[in-house]
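Single-letter residue listing:
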Amino acid sequence: MRLDTARYEARQRVRGSLALAALLGAFSILIVYLYPSIAEAGADIDALIEAFPESFQEGLGVEAYSTIEGFIAAELYQFIWILLLGLYMAYAAGGTFAGDIESKRLYLVLATPVSRTRVVVEKTIALLTPLLVLNLVIPLVVFASTVAIDYPLDPVYLLAVHVLSIPYHLVCLGIGQLLSVTFSRGNTAQLGGIATVFLLFLLDSVTVGTDLEWLGDVSPTRYIDPTEILLHENIYVGDSLLLFAVTLLLLFLSVVRFHDRDI
Amino acid sequence: MATIEVQGLTKAYGDTLANDDLEFSIERGEIFGYLGPNGSGKSTTIRQLMGFQSPTAGTATLFGADIRDQDALREVKSRIGFLPGEPAFNGSVTGEVFLDYQARLKGDSRRAELLELFTPPLERKIREYSTGNKQMLGLVQAFMHDPDLVIMDEPTSGLDPLKQEAFNRFLRRERDDGLTVFFSSHVLGEVRRVCDRVGIIREGRLVTVETVDDLLQRGGKRVRVHTDPPLTKADLGLGGVVDFEAEGRQAQFTFTGDYDELFEALSQHRIVDVEIDEPPIEEVFMHYYGGPQRTEERNDAA
């Protein structure tokens, strides 16, 4: 495999990925530096959180702000890492094919002796660029800044959050990708990707603790919980494998859809 | 075996037949012009030939590979060069990076030679390119792997006249070396200058396939003349004057007769201004392939 297309496309994603890493890194540092003042308020904050409905607590993964683990899990990982980065992956993937089909850029690639399957696979690989860069940079930044404020996180579980969230982000990417090979308008696929991931997130968070909790089982957010990993130190490998299997299914469907469609 | 063999190729988009039972073939070493007004279905044929879209019915073969069979078509694609209409590129890379990428996909044995003929600013990002520069970059990538067949959608659009002429010369030279060319155009003059044979498509149907010589005899010229005093059709008293229209001191008509006679007739009048041009392709259709409705409209207007 020479991966010419993957390399060509990945190169174009490097700058954006670095910019995103810088932004998220700076935000992570800010969050971590806020912690000591929150910690001094201590038990009061947790009492306040206890007063919220369960679905709210679960949805935002807010359980305990009085520990660095609970605070970082909720403020940084549940919201920024899982929700926002999930939306970003769906959005980025949404643009890959639909945008290139809309602009007719894909013609110059498909005119060469490469198969459509290969094009899908390589473009998907290129989409991993931001994920790779962020997973290299953010854990280091977060760990270093918690050490700096003297509330160090357990690096093993911090790393676990990152490793286990990869399959989740891949599912978001797969959702965007499938929409992208289905629609011929870049905007439609991108906004569709964002809307789908966000609605699934809502479905998960509003049904928690209700009779309809099973409805949220279709949401990928149900199978990744940074609070559970960082605060309670529980790792559910089965959930991650399930997400990974769904990723492969979405990629397979994208290949099948792209193989036979008119461009 | 013909290089391109189109057999009953049909493409429907909903109720619209963009290509209707097309049938023609192109031999090795031939420049074939695919002529038709905008929206007549030229690009649809090209997209099917390249395997981007699959036919509703019928098929075509390139070097014997059936276009419905993606794997077979991929096998021969290294021998095919392609230029889409208004080629689109990723604007954030330089022309050089784009050509490097294309080179890895299909080769670039003739890149340096082509860059002497077509001169896009390779070191600049493609988003800064003019239409003409994009077209030249597209032409370089279409020919750089030394293909045996080149398929192009409106190849000279956006090129300045000098580059157009250079391109035509290049095309004829390559043809003499055995290259087969299939390209679309809506400009009759361009097709005339460079093609061996022409297929004319109108509203999805192939109206005729004929040699350029035959076409030349029918095409005629569009003549616009500004005289003082005004000119009438009777004043000219010439054969081969079609669609005569006058507006004030301006007259225009399509002329298919003898040029000497035309100039002799015109010399009897005081000519303020004269313009002799290729007829718009729509007129060729109207006169020679039927278009009663529009001709009547024109007569009414006149």
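Because the structure is a prediction, the values reported are computed rather than measured.

About the criteria used
- Residues numbered from 1 in each chain as written.
- Chains lettered and ligands numbered in written order.
- Predicted model: local features only at pLDDT ≥ 70, side-chain atom pairs only at ≥ 80, totals over all residues.
- Helix = DSSP H or I, 4+ residues; strand = E, 2+ residues; numbered from the N terminus.
- Buried ≥ 20, exposed ≤ 12 C-beta atoms within 10 Å, placed from the backbone.
- Contact = placed C-beta atoms within 7 Å.
- Nonpolar A, V, L, I, M, F, W, Y, C, P; charged D, E, K, R; others polar.
- Domains from an automatic or database assignment.
- Pairing = 2+ DSSP bridges.
- Axes fitted to C-alpha atoms, helices over the stretch in contact; angles between N-to-C directions.
- pLDDT = per-residue confidence, 0-100.
- Expected span 1.5 Å × (residues − 1).
- Bend = angle between axes of the 7 residues up to and from the residue.
- Core = buried A, V, L, I, M, F, W, Y, C linked by C-beta atoms within 7 Å.

A. Seen up close, the overall build of chain B. Helices and strands together make up the secondary structure of chain B, namely 12 helices and 14 strands. When the backbone C-alpha atoms are referred to their principal axes, chain B occupies close to 65 × 45 × 35 Å. Counting the 302 residues in chain B, one finds 39% classified as buried. Sequence-distant contacts in chain B: of pairs separated by 6 or more residues, those separated by 24 or more amount to 66%.

B. Fine view of the interface of chain B and chain A. Across the boundary between the two partners, chain B contributes 22 residues, which contact 17 residues of chain A. At the level of elements, helix 2 (70-77) and helix 3 (95-106) of chain B are the ones that each hand at least two residues to the side of chain B that touches chain A. Among the elements that take part in the side of chain B that touches chain A, helix 3 of chain B stands out by supplying 5 residues, more than any other. Residue composition of the side of chain B that touches chain A, grouped by class: 10 nonpolar, 8 polar and 4 charged.

C. Local environment of the domain arrangement of chain B. According to the domain assignment, chain B contains domain 1 (4-217) and domain 2 (219-301). A separation of 34 Å is found between the C-alpha centroids of domain 1 of chain B and domain 2 of chain B.

D. Representation of the sheet that holds strand 14 (residues 271-277) of chain B in the model. Residues and elements named next belong to chain B. The strand order across the open sheet built from 4 strands is 12-13-11-14, with neighbouring strands paired in antiparallel fashion. Both outer strands of the open sheet, strand 12 (241-247) and strand 14, are each paired with one neighbouring strand and no more. Looking at each pair of strands side by side, their axes are set apart by 15° on average, direction ignored. Where strand 12 lies against strand 13 (residues 250-255), 5 bridges are found, and the strand directions are antiparallel. Counterpart to valine 241 in the pairing with strand 13 is phenylalanine 255.

E. The confidence of the model for chain B, seen in detail. Averaged over chain B, the pLDDT score is 88; the fraction of residues at 70 or greater is 92%. Of all helices and strands in chain B, the one with the weakest mean pLDDT is helix 12 (residues 292-301) of chain B (40), whereas strand 6 (residues 80-83) of chain B scores best (97).

F. Representation of the sheet that holds strand 2 (residues 16-26) of chain B within the structure. Residue and element names in this part refer to chain B. Across the sheet, which stays open at both edges, the 4 strands sit in the order 2-1-4-5 with antiparallel pairing between neighbours. Of all strands in the sheet, those bounded by a partner on one side alone are strand 2 and strand 5 (65-66). Both strand 4 (residues 57-62) and strand 5 contribute to a ladder of 2 bridges, which runs antiparallel. If you follow leucine 62 over to strand 5, its bridge partner there is alanine 65. Here helix 1 (residues 42-49) sits on the sheet in contact with strand 1 (4-13), strand 2 and strand 4, set at roughly 115° to strand 1.

G. The environment of B:Ser43, seen in detail. Residue and element names in this part refer to chain B. Of note, serine 43 is situated in helix 1. Residues serine 43 and methionine 144, spaced 101 residues apart in sequence, show a C-alpha to C-alpha distance of 23 Å. When near neighbours in sequence (up to four residues on either side) are disregarded, serine 43 contacts Gly85, Asp153 and Ser184.

H. Geometry of the environment of B:Arg169. All names here are of chain B. Along the polypeptide, arginine 169 turns up in helix 6 (residues 161-176). For arginine 169, a count of 12 C-beta atoms within 10 Å puts it in the exposed group. For arginine 169 and arginine 193, which are 24 residues apart along the polypeptide, the C-alpha to C-alpha distance reads 9.8 Å.

I. The arrangement of helix 6 (residues 116-148) of chain A in detail. In this model helix 6 of chain A runs 49 Å from its N-terminal to its C-terminal C-alpha over 33 residues, within 8% of the 48 Å that 1.5 Å per residue would give. Its maximal kink placed at A:Thr129, helix 6 of chain A deviates by approximately 30°, while the proline A:Pro130 follows within four residues.

J. Examining helix 10 (residues 237-260) of chain A more closely. Residue and element names in this part refer to chain A. Taking 1.5 Å per residue, 24 residues should reach 34 Å; helix 10 reaches 35 Å between its end C-alpha atoms and fits that length. Regarding helix 10, the residues found buried are Leu243, Thr247, Leu250, Ser254 and Phe258. On its buried face, helix 10 sits against helix 4 (68-102), helix 6 and helix 7 (155-182).

K. Up close: the pairing of strand 11 (residues 221-227) of chain B. Residue and element names in this part refer to chain B. The pairing of strand 11 with strand 13 spans 6 bridges and is classified as antiparallel. Across the sheet, arginine 222 pairs through a bridge with threonine 254, a residue of strand 13. Taken together, the 6 bridges between strand 11 and strand 14 define a ladder with antiparallel strand orientation. Bridging from a neighbouring strand, threonine 227 pairs with isoleucine 271 of strand 14.

L. Spotlight on the environment of B:Ser184. Residue and element names in this part refer to chain B. Mapped onto the elements, serine 184 comes out in strand 8 (residues 180-185). Here serine 184 falls in the buried class, since 24 other C-beta atoms lie within 10 Å of it. Sequence-wise, serine 184 and threonine 211 are 27 residues apart; in three dimensions their C-alpha atoms are separated by 15 Å. In contact with serine 184, not counting residues within four places along its chain, are Tyr34, Lys42, Ser43, Ile46, Asp153 and Glu154.

M. Here's a closer look at the nonpolar core. Core analysis: the biggest nonpolar cluster contains 122 residues, and A:Ile72, B:Leu62, B:Val140 and B:Ile151 have the highest contact counts within it. Among the elements that make up this core, the one with the highest residue count is helix 4 of chain A (19 residues). Apart from the residues lying within four places of it in its own chain, the contact partners of B:Val140 are B:Leu99, B:Arg111, B:Leu114, B:Leu115 and B:Phe118. Judged by nonpolar contacts, the second largest core, of 7 residues, contains B:Leu236, B:Ala251, B:Phe253 and B:Phe255.

N. Summary view of unusual backbone geometry. Between B:Asp228 and B:Pro229 the backbone carries a cis peptide bond, its omega angle lying at 0°. Here A:Leu3, not a glycine, exhibits a phi torsion of approximately 55°, which is positive. Within the secondary structure, A:Leu3 sits in the segment before helix 1 (4-41). With 15 C-beta atoms counted inside 10 Å, the residue A:Leu3 sits in the partly exposed group. A positive phi is found at B:Glu86, a non-glycine position, where the angle reads about 45°. Mapped onto the elements of the fold, B:Glu86 is located in the loop between strand 6 and helix 3. Note on B:Glu86: 15 C-beta atoms within 10 Å, which makes it partly exposed.

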